[in-house]
Amino acid sequence: MDESVSAATGGPASSTVGITATDLKQWAYCPRIPFYHHVLPVRPAPTYKMARGKDIQGAVEALERRRGFRNYGMREGERRFGVWLHSDRLGLSGKLDLIILTADACYPVDFKDTTGGARRNHRIQLAAYAFLAEEAFERTVPDGFIYLVPEKRIVAIGLTEGDREEARHALADMRRMIEREELPSPTTVRSRCSACEFQNYCGDIW
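These numbers were taken from a predicted model, which means no experiment stands behind them. (Residues numbered from 1 in each chain as written. Predicted model: local features only at pLDDT ≥ 70, side-chain atom pairs only at ≥ 80, totals over all residues. Heavy atoms only, no water.)

Participant: Is there a simple way to think about unusual backbone geometry in this case?
Facilitator: With glycine set apart, most residues show a phi of negative sign, and most peptide bonds adopt trans. If you check the backbone angles, Glu138 has positive phi at about 55 degrees while not being a glycine. Residue position: Glu138 is located in the loop between helix H4 (120-137) and strand E6 (143-148). Of note, Lys152 is a non-glycine position whose phi angle comes to about 50 degrees, a positive value. (Helix = DSSP H or I, 4+ residues; strand = E, 2+ residues; numbered from the N terminus.)

Below is the structure:
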């Protein structure tokens, strides 16, 4: 069952633009994806990967409930699945696949149906989850984890101040892009474009 936890601080919101942790991941992958989500917006055709994601979530949760905490380098903790977090202060929200709570810290865990290990955009997304979790649970987030589904492997991500700073800059840059309605440059990695659900909207690169 999904949970919803407010990370609002009671202070004024920094923006009325609602950006998600997934938006930050996509911004690092190709900044045009959040542009199409927020500025146009357009509805892409559902992809196989979108449908597969729902099946994967249930399967990994079932496995995770039977797994101990040793793979996370912990002796014990509390698991919460499908937790929605929201921060009015940051104008940021996100749904955590899993968060592990200990007495003095919390650890976001993101399930990824991908191979090739953790990437830069995954780290930025985890940093965004760290902001939300620290605010909501009032505990530090020293590390995060990515569960690589095809490999059935847990990767520990030591979140650095550099990761957090990159996430802050991405949040500010994306908010500026949305407010000004400016079409950003596409990713320079053209191989990402061939399977993109928004490729029909990028006439300038085809």
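Participant: Can you help me understand the packing of helix H1 (residues 21-29) against helix H5 (residues 161-180) in this one?
Facilitator: The relative placement of two packed helices comes down to the angle between their axes together with the axis-to-axis distance. The interhelical angle for the contact between H1 and H5, taken along N-to-C directions, is 90 degrees, at an axis separation of 10 Å. When the axis of H1 is compared with that of H5, the two are roughly perpendicular. Seen from H1, the contacting residues are Asp23, Leu24 and Trp27; seen from H5, they are Ala167, Ala170, Leu171, Asp173, Met174 and Met177. (Axes fitted to C-alpha atoms, helices over the stretch in contact; angles between N-to-C directions. Parallel < 35°, antiparallel > 145°, perpendicular 65-115°, else oblique. Contact = heavy atoms within 4.5 Å.)

Participant: Sorry, what's going on with the packing of H4 against H5 here?
Facilitator: Between H4 and H5, the shortest axis-to-axis distance is 8 Å and the interhelical angle comes to 85 degrees. It follows that H4 is roughly perpendicular to H5 by the angle criterion. Contacts from Arg120, Arg123, Ile124, Ala127, Ala128, Ala130, Phe131 and Glu134 of H4 reach H5 at Asp163, Arg164, Glu166, Ala167 and Arg168. In terms of residue class, the contact of H4 with H5 is made up of 6 nonpolar, no polar and 7 charged. (Nonpolar A, V, L, I, M, F, W, Y, C, P; charged D, E, K, R; others polar.)

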